[in-house]
Structure formats: structure tokens, C-alpha cells
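# Coordinate analysis (summary)
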Amino acid sequence: MNHGQQSGEAKHEDDAALTEFLASLMDYTPTIPDDLVEHYLAKSGFQCPDVRLIRLVAVATQKFVADVASDALQHCRARPAPVVKDKKQQKDKRLVLTMEDLSKALREVNNSSSLSSCF
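Criteria and thresholds
For every chain, the first residue of its written sequence is number 1, and the numbers climb from 1 along that sequence. The predicted origin of the model limits local features to residues at a pLDDT of at least 70 and limits the giving and counting of side-chain atom pairs to 80 or more, whereas totals for whole chains, interfaces and linings rest on all residues. To obtain the side-chain values, all non-hydrogen atoms of the structure were used and water was disregarded. UniProt positions are given in the numbering used here, feature names are shortened, and annotations may be inferred rather than shown by experiment. Salt bridges are defined by distance alone: a side-chain nitrogen of Lys or Arg within 4 Å of a carboxyl oxygen of Asp or Glu. Nonpolar core, defined: a set of buried Ala, Val, Leu, Ile, Met, Phe, Trp, Tyr and Cys residues in which side-chain atoms within 4.5 Å join the residues together. Accessibility here uses a 1.4 Å probe with only protein chains present; expressed as a share of the type maximum, an area under 20% marks a residue as buried, one over 50% as exposed, and anything in between as partly exposed. Numbering of helices and strands runs from the N terminus, with a helix taken as a DSSP run of H or I at least four residues long and a strand as a DSSP run of E at least two residues long. Here, two residues are considered to be in contact whenever any of their heavy atoms come within 4.5 Å of each other. Nonpolar side chains (Val, Leu, Ile, Met, Phe, Trp, Tyr) are joined into patches within 5 Å and like charges within 9 Å, using only residues with over 30% relative accessible area and no salt bridge. Throughout, the Shrake-Rupley method with a 1.4 Å probe supplies accessible areas, and for residues the shown protein chains are the sole cover considered. Each helix should span, by expectation, one fewer than its residue count multiplied by 1.5 Å. Throughout, the arc means the angular range of directions from the helix axis out to the C-beta atoms. Scored between 0 and 100, pLDDT is the confidence that the predictor attaches to each residue. Whenever a helix is involved, its axis is fitted only over the stretch in contact; in every case the axis is a line through C-alpha atoms, and angles between N-to-C directions fall within 0 to 180 degrees. To sort the angles, those under 35 degrees are grouped as roughly parallel, those over 145 as roughly antiparallel, those from 65 to 115 as roughly perpendicular, and the leftovers as oblique. We call Asp, Glu, Lys and Arg charged. Ala, Val, Leu, Ile, Met, Phe, Trp, Tyr, Cys and Pro are nonpolar, and the rest, Gly among them, are polar.

An unreviewed UniProt entry lists the protein chain under the name Transcription initiation factor TFIID subunit 10, from Brassica cretica. Among the UniProt annotations of the protein chain, the heading Sequence similarities (unreviewed entry) holds the following wording: "Belongs to the TAF10 family."

## Thoughts on the pattern of salt bridges
Enumeration over the complete set of coordinates arrives at five salt bridges. Notably, a salt bridge pairs Arg52 with Asp50, separated by 2.9 Å at the nearest N-O pair.

## Observations concerning the nonpolar core
In terms of nonpolar packing, the biggest core is built from six residues, these being Ile32, Val37, Leu41, Cys48, Ile54 and Ala58. Elements that contribute at least two residues to this core include exactly helix H2 (34-43) and helix H3 (51-78). Contact partners of Leu41, with chain neighbours within four places excluded, come to Phe46, Ile54 and Val57.

## A short note on the environment of Cys48
Tracing the chain through its elements places Cys48 in the loop between H2 and H3. Once residues lying within four places of it in the same chain are set aside, the contact partners of Cys48 are Leu53 and Ile54.

## What to know about a nonpolar patch on the surface
On the surface, Leu18, Phe21, Phe46, Leu53 and Leu56 cluster together into a nonpolar patch covering about 400 Å² of accessible area. When residues of the nonpolar patch are traced back to their parent elements, those giving at least two are helix H1 (3-27) and H3. Relative to the assigned elements, Phe21 resides in helix H1.

## Details of H3
With 28 residues, H3 ought to run about 40 Å at 1.5 Å a step, and its terminal C-alpha atoms sit 41 Å apart, in line with that. Along H3, the positions that sit buried rather than exposed are Ile54, Arg55, Ala58, Val68, Ala72, His75 and Cys76.

## Thoughts on H2
Considered for burial, the residues of H2 that qualify are Asp34, Val37 and Leu41. For H2, the buried positions fall inside an angular range of 65 degrees around the axis, keeping them on one side. Opposite its buried face, H2 presents the exposed residues Asp35 and Lys43, each directed more than 90 degrees away. In the core, the buried residues of H2 are packed alongside H3. Just downstream of H2, Gly45 is the residue with a positive phi angle, here 95 degrees.

## Some remarks on the confidence of the model for the protein chain
When pLDDT is averaged along the protein chain, the result is 82; 77% of the residues meet or exceed 70. By mean pLDDT, the top-scoring element of the protein chain is H2 (95), and the lowest-scoring one is helix H4 (residues 87-91) (62).

## Structural notes on the packing of H2 against H3
Between H2 and H3, the least distance of the axes is 9 Å, while the angle of their chain directions is 90 degrees. With respect to their mutual orientation, H2 and H3 come out roughly perpendicular. For the pair H2 and H3, contact is made by Asp34, Val37, Glu38 and Leu41 and by Val51, Ile54, Arg55, Val57 and Ala58, respectively. In the contact of H2 with H3, the residues fall into six nonpolar, no polar and three charged.

If you want it as C-alpha cells, here you go:
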């Protein structure tokens, strides 16, 4: 088997995997509604009648938001806890996510990507 045949088989497998993935998007209901994604895509000048592509953008957006939220949570956990005198408040160990935490997480995303004009 020569290199050209191997590349052709790999391309066929990639195409099959992509086709299967796109088909699975038809059965998936993303967290971000299709109408909302379509609205912002249209606002940026992008029109697409293919629901699979709309859902792909929704999934990518959902992943981006989840990653930023996770990074912000890590910043929140790294922040020193405030000194609390009340025993009732000492038992309540809920974390409070601040704009500072979110800003740090977004700065990290901004530094690691070339999308600096997005936020």
C-alpha cells in the first residue's frame, strides 16, 4: 500500500467521522437556543440555513463559556478567604465569584488566543 492510498483512506475515515458528528447535531439540543445563535450570527452578517452549523456554533460557544467559568472559579478558589467573626458565617463556605475573577479568566483567554478584539 502506498502513501497515497493511506492518505485517501484516512481522508475517507475523517469524512465519515465528520458526517456522523454533523448528523448527531440534529438530535442534540444545545444549552444555547438555535434562535439566539441565529440572531447573533445574523447581527454579524452571517446567514446560514443549515441547523447543524447553527448547533455547532452553539456547542463551541457553550464550551467557551464553560471554560471561562471554570477558569474564573479557579481564580475564586485561589483568592484568600475573608476573615469571618460570626460562627454562622464560618459554616457557610460558599464561594462568591467576582468580576475580578471573571476578568482574570478572560484575560487568560485573551492572552492565549488571537481573538483579543472579542472582549
